[in-house]
Protein chains: 2
Amino acid sequence: MNRPSAPVAELICVGTEHLLGEVVDTNSPYLCGRLKELGICVYRKQVCGDHAGRLREALTLALSRADLVILIGGLGPTEDDLSRECVAETLGLPLWEDPELVARLREYFASRARRMASCNLRQARRPQGSVVLENACGTAPGLWIEWENKPVVLLPGPPKEFCMMVDRELMPRLSARYQSVPIVTRSLRLYGIGESELAERLSAFWDGIGEVTVADYIKDGEIELRLACRMEETQAKKKISDAIRLLAPHLRPYLYATQNTDLAHALIERFAARGLRFSSAESCTGGAIASLLAAVPGASEVLWGACVTYDNEAKTSLVCVSEETLRTHGAVSDQTAREMARGMAERSKSDLALSVTGLAGPGDDGVHPVGTVFFGVSFRGEIRVFERHFSGDRARIRRDAALYGIALSLQTAGLFEALPEDGDPAGDPE
Amino acid sequence: MNRPSAPVAELICVGTEHLLGEVVDTNSPYLCGRLKELGICVYRKQVCGDHAGRLREALTLALSRADLVILIGGLGPTEDDLSRECVAETLGLPLWEDPELVARLREYFASRARRMASCNLRQARRPQGSVVLENACGTAPGLWIEWENKPVVLLPGPPKEFCMMVDRELMPRLSARYQSVPIVTRSLRLYGIGESELAERLSAFWDGIGEVTVADYIKDGEIELRLACRMEETQAKKKISDAIRLLAPHLRPYLYATQNTDLAHALIERFAARGLRFSSAESCTGGAIASLLAAVPGASEVLWGACVTYDNEAKTSLVCVSEETLRTHGAVSDQTAREMARGMAERSKSDLALSVTGLAGPGDDGVHPVGTVFFGVSFRGEIRVFERHFSGDRARIRRDAALYGIALSLQTAGLFEALPEDGDPAGDPE
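Criteria and thresholds
Per chain, the residues get numbers from 1 upward, laid out in the order the sequence is written. Following the order in which they are written, the chains are lettered starting with A and the ligands numbered starting with 1. Whole-chain, interface and lining totals are the exception, using all residues; otherwise, since this is a predicted model, local features are given only for residues with pLDDT of at least 70 and side-chain atom pairs are given and counted only at 80 or more. Strand pairing follows a simple DSSP-based rule, namely that at least 2 bridges must link the two strands. Every helix listed is a DSSP run of H or I at least four residues long, and every strand listed is a run of E at least two residues long, numbered separately from the N terminus. Note on definitions: angles span 0 to 180 degrees between N-to-C directions of axes, and those axes are lines fitted to C-alpha atoms, for helices only across the stretch in contact. What counts as a contact here is a pair of residues whose C-beta atoms, placed from the backbone, lie within 7 Å. Where each domain starts and ends comes from a domain assignment, either automatic or drawn from a database. Residues are grouped as follows: Ala, Val, Leu, Ile, Met, Phe, Trp, Tyr, Cys and Pro are nonpolar; Asp, Glu, Lys and Arg are charged; all remaining types, including Gly, are polar. Oblique is the label for any angle not covered by the other classes, which are roughly parallel (under 35 degrees), roughly antiparallel (over 145) and roughly perpendicular (65 to 115). For any helix crossing, the convention is left-handed if the near helix is rotated counterclockwise from the far helix by under a right angle, and right-handed if that rotation is clockwise. pLDDT expresses, on a scale from 0 to 100, how confident the predictor is about each individual residue. Remark: nonpolar core denotes a set of buried Ala, Val, Leu, Ile, Met, Phe, Trp, Tyr and Cys residues whose joining runs through C-beta atoms within 7 Å. Neighbour density around each residue's C-beta defines its exposure: 20 or more other C-beta atoms within 10 Å make it buried, 12 or fewer make it exposed, and counts between make it partly exposed, where C-beta atoms are placed from the backbone.

Peer 1: Just checking my understanding: could you explain the sheet that holds strand 12 (residues 255-257) of chain A for this structure?
Peer 2: To summarise the sheet geometry, strands pair through backbone hydrogen bonds and adopt either a parallel or an antiparallel arrangement. Residue and element names in this part refer to chain A. Ordered by their spatial adjacency, four strands build an open sheet running 10-11-9-12, and the pairing between neighbours is antiparallel. One side of each edge strand has no neighbouring strand; the edge strands of this open sheet are strand 10 (212-219) and strand 12. Strand-to-strand twist across the sheet, computed as the mean angle between neighbouring axes with direction ignored, equals 35 degrees. This element, helix 8 (residues 233-251), spans strand 9 (183-190), strand 10, strand 11 (222-230) and strand 12 of the sheet and lies at about 20 degrees to strand 9.

Peer 1: For this particular structure, what's the right way to read the domain arrangement of chain A?
Peer 2: Residue and element names in this part refer to chain A. Per the domain assignment, the segments making up chain A are domain 1 (8-177), domain 2 (183-261) and domain 3 (275-412). Averaged C-alpha coordinates put domain 2 and domain 3 at centres separated by 32 Å. At the interface, five residues of domain 2 touch five residues of domain 3. Taken together, the residues of the side of domain 2 that touches domain 3 sort by class into two nonpolar, two polar and one charged.

Peer 1: Quick question: what am I supposed to make of the packing of helix 2 (residues 27-37) of chain B against helix 6 (residues 159-177) of chain B here?
Peer 2: Pairs of packed helices are described in terms of their axes, by the angle between the two and the distance that separates them. All names here are of chain B. At a minimum axis distance of 10 Å, the contact between helix 2 and helix 6 shows a crossing angle of 15 degrees. Classified by the interaxial angle, the pair formed by helix 2 and helix 6 is roughly parallel. Relative to helix 6, helix 2 is oriented so that their crossing is right-handed. From helix 2, Asn 27, Tyr 30, Leu 31 and Arg 34 reach across to helix 6, where they touch Pro 159, Phe 162, Cys 163, Val 166 and Met 171. Looking at the contact of helix 2 with helix 6, its residues break down into seven nonpolar, one polar and one charged.

Peer 1: I'm lost on the interface of chain A and chain B in this one. Help?
Peer 2: How big an interface is tends to be stated in terms of the accessible area lost upon association of its parts. Opposite the 58 residues of chain A that make contact, chain B presents 60 residues. For the side of chain A that touches chain B, the leading source of residues is strand 2 (residues 41-48) of chain A, giving seven residues. Within the side of chain A that touches chain B, the residues separate by chemical class into 30 nonpolar, 16 polar and twelve charged. Bridging between strand 2 of chain A and strand 2 (residues 41-48) of chain B involves five bridges; their strand directions are antiparallel. By the bridge assignment, A:Gln46 is partnered in strand 2 of chain B with B:Gln46.

Peer 1: What am I meant to see in the pairing of strand 17 (residues 382-389) of chain B here?
Peer 2: Each regular strand displays side chains that alternate between the two surfaces of the sheet. All names here are of chain B. Here strand 16 (residues 372-379) pairs with strand 17 via eight bridges, running antiparallel. Bridge pairing in strand 17 links Phe 375 to Phe 386. Between the antiparallel neighbours strand 16 and strand 17 lie two residues, among them Arg 380 with a positive phi of about 45 degrees.

Peer 1: What exactly am I supposed to notice about the sheet that holds strand 17 of chain B here?
Peer 2: With respect to topology, ten strands assemble into an open sheet ordered 17(A)-16(A)-15(A)-13(A)-14(A)-14(B)-13(B)-15(B)-16(B)-17(B), the strand pairing being mixed. Strands with a single pairing partner mark the edges of an open sheet, and in this sheet they are strand 17 (382-389) of chain A together with strand 17 of chain B. Between one strand axis and the next, the sheet turns by 15 degrees as a mean value, whatever way the strands run. Helix 13 (residues 334-348) of chain B rests against strand 13 (278-282), strand 14 (303-308), strand 15 (352-358), strand 16 and strand 17 of chain B of the sheet, and its axis sits at about 145 degrees to strand 15 of chain B.

Peer 1: How should I be thinking about the confidence of the model for chain A in this particular structure?
Peer 2: The predicted coordinates should not be examined in detail at positions where pLDDT is low. All names here are of chain A. Overall, the prediction assigns chain A a mean pLDDT of 90, with 96% of residues at 70 or greater. Low pLDDT (under 50) marks residues 422-430, which in the prediction has 19 contacts with non-local residues, meaning those over four places away or in another chain. Scoring the predicted complex yields pTM 0.76 and, for the interface, ipTM 0.76.

Peer 1: Please clarify how the nonpolar core should be interpreted in this entry.
Peer 2: Soluble globular proteins tend to pack their nonpolar side chains together in the buried interior. In terms of nonpolar packing, the biggest core is built from 150 residues, with A:Leu293 and B:Leu293 touching the most fellow members. If sequence neighbours within four positions are ignored, B:Leu293 has contacts with B:Ala264, B:Leu267, B:Ile268, B:Phe278, B:Ala299 and B:Leu303. With 89 residues, the next largest nonpolar core counts A:Ala62, A:Leu143, B:Val69 and B:Met165 among its residues.

Peer 1: Which parts of the structure should I look at to understand helix 9 (residues 263-273) of chain B?
Peer 2: At 3.6 residues per turn, the α-helix brings residues three or four places apart onto the same side. Residue and element names in this part refer to chain B. Buried within helix 9 we find Leu 263, Ala 266, Leu 267, Ile 268 and Phe 271. In this structure, the buried side of helix 9 is in contact with strand 11 (222-230), strand 12 (255-257), strand 13, helix 10 (288-294) and helix 14 (394-412). Directly beyond the C-terminal end of helix 9, a positive phi value near 65 degrees is found at Gly 275.

Peer 1: Looking at this structure, how should I read the pairing of strand 9 of chain A?
Peer 2: Residue and element names in this part refer to chain A. Of all eight residues making up strand 9, six are buried, and the element is well covered by its neighbours. Note that strand 9 and strand 11 share eight bridges and pair antiparallel. If you follow Leu 188 over to strand 11, its bridge partner there is Leu 225. Two elements, strand 9 and strand 12, share two bridges in a ladder whose sense is antiparallel.

Peer 1: How do you make sense of the packing of helix 9 (residues 263-273) of chain A against helix 14 (residues 394-412) of chain A when you look at a structure like this?
Peer 2: Residues and elements named next belong to chain A. The interhelical angle for the contact between helix 9 and helix 14, taken along N-to-C directions, is 30 degrees, at an axis separation of 9 Å. Between helix 9 and helix 14, the angle is such that the two are roughly parallel. Pair helix 9 / helix 14 crosses with left-handed handedness. Facing Leu 263, Ala 264, Ala 266, Leu 267 and Arg 270 of helix 9, the residues of helix 14 in contact are Leu 403, Ile 406, Ala 407, Ser 409 and Leu 410. Of the residues belonging to the contact of helix 9 with helix 14, the class tally is eight nonpolar, one polar and one charged.

Peer 1: Which parts of the structure should I look at to understand helix 4 (residues 83-91) of chain A?
Peer 2: Residues of helix 4 of chain A that are buried include every one of A:Ser83, A:Arg84, A:Cys86, A:Val87, A:Ala88 and A:Leu91, and no others. A:Gly92 sits one or two residues past helix 4 of chain A and shows a positive phi near 70 degrees.

Peer 1: Would you take a moment to explain the environment of A:Leu247 for this structure?
Peer 2: Relative to the elements of secondary structure, A:Leu247 occurs in helix 8. When the C-alpha positions of A:Leu247 and A:Pro420 are compared, they lie 9.3 Å apart, and in sequence the two are 173 residues distant.

Peer 1: For this particular structure, what's the right way to read unusual backbone geometry?
Peer 2: Trans peptide bonds make up the majority, and among non-glycine residues the majority have a negative phi. Residues and elements named next belong to chain A. Cis rather than trans, the peptide bond between Arg 252 and Pro 253 has omega equal to 0 degrees. Tracing the backbone shows Pro 253 in the loop between helix 8 and strand 12. The phi torsion at Asn 149 lies on the positive side, around 65 degrees, for a residue other than glycine. For Asn 149, a count of 8 C-beta atoms within 10 Å translates into the label exposed. Even without a glycine there, the phi angle at Cys 320 is positive, about 60 degrees. Here Cys 320 is to be found in the loop between helix 11 (312-319) and helix 12 (323-329). Residue Cys 320 is classed as partly exposed on the basis of its C-beta count, with 15 C-beta atoms lying within 10 Å.

As C-alpha cells, this is what we get:
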C-alpha cells in the first residue's frame, strides 16, 4: 500500500497528568509541526489516562482510520506506564526482555553512579519485531513497530527526550518511508485590523488561491496570515509570491511585513537599517515598550533608553512635565503626553521619542474611562499627540497600548507598511 | 440518571491549528484543573480539526461514553468555525438566529466604534433550547445544551475568553448540578530553589501528608507547590494548614508566600503595606522589572518610576554614572551597578532603588560571559552590589534577572520570607 501524497497520522497522548490539568502538552505541537514539514497530515489526536482498557480502545480506533499511529508517553519504569504492554496486546505481539536493552540500562545507571531500581527492567521489554529508537538523554527507549504495513511508534513523554528522539530517530525514518511533497509556508503580519474585518476583506480567498491555502492566527494582539502550498519548493514559492501580490491590496494599510516577525522586531530592524535611535517615556505601560524592544537581539543599536514616569513626580523630574500641566490637565491628557514626548526627546538625543500616558484600570480617574491612553511622538522636531481607547482588563490594555505605541512609531517614521516587493521573494528565512 | 459521586467529562478541542503544531493548548489543562476541584473526572480528550465530518464523529463518540461533553473552540465568526453547526446537527436541534444575541453583538461593536462584519451574525445563531453563557471579553457566546440528560457545552477558544467563561459561567452551573465533594487547594510559592533540590528536600512528602496531596509546578521561573485535599471544606483547610506547618521548615529560606501569588504581587503588596516606594535603573532587563510591577493593580502606591539606561549615554544622563567609571570598569561591572543604584536613589526619592546591568546575549563584551548580571540595591542610605550568572537564551536571562531583582529587593527590605503563620489560615482568597 503505497500512498503517493498525503499519509494521515494520528497521535495518542498517554498520561493521567494531562487529564488532571497538571501539564501543558508541548510535545504534540512540536511533533505536528515536524510532520507537516514532511507533508504528513494529522487529522486527530486522542488523549487518554494511564488506563489499559481506554488506551487499547484508543489505539484500536486510531489503527482503524490512520496510516501511522504515534503514541507519546507511558514508557516510564512504573506500574502505571502502560504503553508497551497495551500496544503489544492490541497488536497481538508477545513482549520479551531484550538483553541488549538490559545491558544499556545497567550501563546508563553505572555511568551516573546511580543504583538501578528493579522496575527499570520494564523499560527493556519490547514487542517482538519492534525496532528500538535511541533515547539520547533518558532511560526509556522508543519503539517502531510495523503492523499491517502501518507504523506504530512509541515515544517517551519527557519533552527533552521526546524532541531529541523525534529529530534524530523518527524524522529520518519517516522521511525515508513517505516520499511525499513538502509544504512550503510563508507568513504575512498585520496590525490594527480586527479578525472579522479581515475575514470580510478576504472572503473570496479563504478557500485558497489556486493551490495556496490561507489561514489567519491571532498572536499576542497581532494577526499572522499564513499562506501554504504543497508543491515542489521553487514552484510553491512562486505560487505563494503571486498569491501575496493578489492579497496585498486588500490588506492595506494594515500589512506591515511579508515574512514572519512581530512589531518589536520590525521596529528594531527598520530603525537600525536607517540609523535611527528610539526612546520612550512610559506611564501606564510601565516600561513594557522598552522591554519588548530590548528583547530583540541587536536592540542596543536602536534603543537609547526610556523613562518610566509612573509617579507624577517622576514625570516632572525625569522628563520635565510642568507641575502646572499636571495640575490643570491631569496626568492622563493630551498636554502631558506632549510634554513627556518633548522632554524625552530633549533628554535623549534620539530621533524618535514616544510617550504613553493612560488609564489601565481597574480604577478610573473620574475624568476618563478606563482604557483611555494618550500617545505623543516627537520625530524630527515635530510632536504629534494621539488619543486611543482600548478595552479589556489591565493586562490587555497595557499590552495593546504598548503594541499601538510601537506601530505608531513605525508609522511616524514612515516605516510601517510593507509592499509585497519588500519581502524576500524566496519565502520566510526560517 | 443521577450519578452520585464522580461524573465523567470528555473534552473535544476543535481547530486545525492544534494539528498543525501552531498553538499550545493551555485551555484544556486549565479546565481539567477546575473540573478536578468539583470532583468531575476527565477520562478522555479528543482533538480534531475544522472538519464537519470528523467533528460530528468525535461528538457522537464522546456522547456514547461520557456524562458531560465540553467542546473548546470553533465558535468564531468565519466559515471554518463549525462547532455550533455540527453540534446542532448531531443532536438534531434546529439552529436559529437569536435577536437578543444580534442586539448584543451590535452593541459590542458600537461601544468600540467598530463596524460589525456580516459574518459576525453567525455568532448569534444557536441550537434551540440552548442556554447562553456570557462572554465577558469577546463576541462568541458560549452555549449549554441539555441532551438526554447530558450537558453539551460549547466554549470559545481564545484563552482569555475561555478562562473567564469557565470561571464565571461554567463552574457555578457545574457545581450546582454535580453535588460532589469538592477539592480544597492551597498554594505555596518558592523562589530560588531548583526543582530537583525541592524533590529531594520533600522526598518523604510526595506521596501525600495524610489526606493532603502535594504537587509542584514551574511557573514563569518560580515554583508553585500545591496542596490539595478532598474533604468537607473546614476540615480540608485545617488538614492543609497542618501540612504547611510540617513542610515549612524544609522549604526555608525559599518559601516566600503561603498563598498563590508571584514575586511582583508580593513586592507591591508588602511595600504598599509599609509605605515603601520603589524605583529601578535597568540596562539589560530593559524595563522588564518596572513593567512586571506596573502590571499589578495598585502599583502606583509603590512604583515611583524607572530609568531604562540601555545606551551608555543614558546611564550618564539619566542616573549619573560617571564617564570615568564606564571607561575604566565598563557598563557591565560592580561599579556601574553601584552608581546606577545611587543615581536612581538620589533622583527618585524612593526608599529602595534597584539597578541591573548585565549581558543577556547573544554576543558577549569580551570580558564577561553571557549571563553575567550585576545588581545594585540602595536601601536606607546603604548600597550593596551582587553579581549573578544566569543561563539560557536572551529571553530567559532577561526574565530570570528581572525575577532575581524583585526577590533581591524583597530580601533587602526584610520582606521576603513567609512563615506559615503569615498566611491566611482560611486558605487561598480566590
